[in-house]
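Below are the chains, spelled out letter by letter.
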Amino acid sequence: QLRGLWTDDSKPPKPLLAISHAWLSLEHPDPAALRLEALVEDLAWLGAGDDDLVLFDYCSLFQAERKCDEAARTSDQYKLYQTALRHIDILFTSSLVKVVVMPELYDVGAGSPEPAGGDITASRTRYDQRGWSGVEFAVAERSARVATKARPLDGMRTRVEDDLH
C-alpha cells in the first residue's frame, strides 16, 4: 500500500528520503533555517531530484501551533497525524526509503529569528539522547537504510548499539 502511493508500474519508484533530526528548539525544528541549509546540501550530495519525495516531520505532518497545543489541529488533521505516527516505522525500515541522519545541534539562542508566535527555547539534548531520533536512527541503521553525508556517526552507532543490548 505504501509503495502504491508514489509508484507507477511502468516506471521505477521515485526516491523517498526520510529526514531524521533533532528539533533545535521546543517550538520549531529549525527557527533560524540552519538545518534547512544543511538539508539542501545533503539532498544535492545524494543526487535528489526536484520530484523526489522527502519526509521532514514538521513539513510533512500536521503540526500544532506549539508542540503542546493539540487544539491547533482540526479533528481530521489530528486523525491523519496519529495515523502517520502509528505507521512511521515503515518509512525507516522500507527498502524504498533512504534515511538522512542530521545529528548536528546548532546554536539557536540569542539573535536567532523567532518562529511565528513568540520566544524560542533552544534544545541542547544530543540527537542520540532523544527518544524519537534515537529510535529512528537505530531502526534505520539495523535496516541498512542510512544514507548520510560524512558526519560523526561512529560514536553514535556505538552508543545506540550499547543502549540496544
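We now turn to the structure provided with this report. Because the structure is a prediction, the values reported are computed rather than measured. (Residues numbered from 1 in each chain as written. Predicted model: local features only at pLDDT ≥ 70, side-chain atom pairs only at ≥ 80, totals over all residues. Heavy atoms only, no water.)

Every regular strand shows the same layout, with side chains that alternate between the two sheet faces. Strand β3 (residues 97-102) sits mainly inside the fold: five of its six residues count as buried. Where strand β1 (residues 16-21) and β3 come together, six bridges link them in parallel fashion. Bridging across to β3, I19 finds its partner in V100. (Buried < 20%, exposed > 50% of the residue type's maximum accessible area, 1.4 Å probe, protein only. Helix = DSSP H or I, 4+ residues; strand = E, 2+ residues; numbered from the N terminus. Pairing = 2+ DSSP bridges.)

Another point: the pattern of salt bridges. Evaluation of the coordinates by the stated rule reveals one salt bridge. A salt bridge links D128 to R126; its shortest N-O distance comes to 2.9 Å. Residue D128 is classed as buried on the basis of its relative accessible area, which comes to 9%. With a relative accessible area of 39%, R126 lands in the partly exposed category. (Salt bridge = Lys/Arg side-chain N within 4 Å of Asp/Glu carboxyl O.)

In this section: the packing of helix α3 (residues 75-93) against helix α4 (residues 131-142). As a packed pair, α3 and α4 sit with axes 8 Å apart at the nearest point and diverge in direction by 40°. Taken together, α3 and α4 sit at an angle that is classed as oblique. In this structure, α3 crosses over α4, and the sense of that crossing is right-handed. Between α3 and α4, the residues in contact are L85, I88, F92 and T93 and W132, E136, V139 and A140, respectively. For the contact of α3 with α4, the per-class residue count stands at six nonpolar, one polar and one charged. (Axes fitted to C-alpha atoms, helices over the stretch in contact; angles between N-to-C directions. Parallel < 35°, antiparallel > 145°, perpendicular 65-115°, else oblique. Left-handed = near helix turned anticlockwise from the far one by under 90°. Contact = heavy atoms within 4.5 Å. Nonpolar A, V, L, I, M, F, W, Y, C, P; charged D, E, K, R; others polar.)

Within a beta sheet, neighbouring strands are joined by backbone hydrogen bonds and run either parallel or antiparallel to one another. Here we have three strands laid out as an open sheet, ordered β2-β1-β3, and parallel in their pairing. Lying at the two open borders of the sheet, with one neighbouring strand each, are β2 (53-55) and β3. Taking each pair of neighbouring strands and ignoring which way they run, the sheet shows an average axis angle of 25°. Bridge count for β1 against β2 is three bridges, and the pairing is parallel. Across the sheet, L16 pairs through a bridge with L53, a residue of β2. Strand contacts of helix α1 (residues 34-45): β1, β2 and β3, with the helix running at about 140° to β3, the strand carrying the most contacts.

Here the focus is the side chain of S20. Tracing the sequence through the fold places S20 in strand β1. Of the polar contacts made by the side chain of S20, one reaches the side chain of E136; its length is 2.7 Å. (Polar contact = N/O pair within 3.5 Å; in protein donor to acceptor, adjacent residues only side chain to side chain.)

The subject of this paragraph is unusual backbone geometry. Even without a glycine there, the phi angle at A33 is positive, about 60°. With respect to the helices and strands, A33 occurs in the loop between β1 and α1. The exposure class assigned to A33 is partly exposed, which follows from its relative accessible area of 30%. Of note in the backbone geometry, A144 takes a positive phi value of approximately 55° without being a glycine.

Going through the model one piece at a time under the given rule, you end up with two aromatic pairs. Note on W23 and Y58: the rings are 5.5 Å apart at their centroids and 80° apart in plane angle, and the pair reads as edge-to-face. Of the two residues, W23 sits in the loop between β1 and α1 while Y58 sits in helix α2 (residues 57-60), which places them 35 residues apart along the sequence. Take W23: its relative accessible area is 11%, and that puts it in the buried class. Here Y127 and F137 contribute two aromatic rings whose centre-to-centre distance is 6.4 Å and whose plane-to-plane angle is 85°, an arrangement assigned as edge-to-face. Pair noted here: Y127 is in the loop between β3 and α4 and F137 is in helix α4, with a separation of 10 residues, a long-range link. Exposure remark for Y127: the relative accessible area of 2% places this residue in the buried category. (Phe/Tyr/Trp six-rings, centres within 6.5 Å; stacked < 30°, edge-to-face > 60°.)

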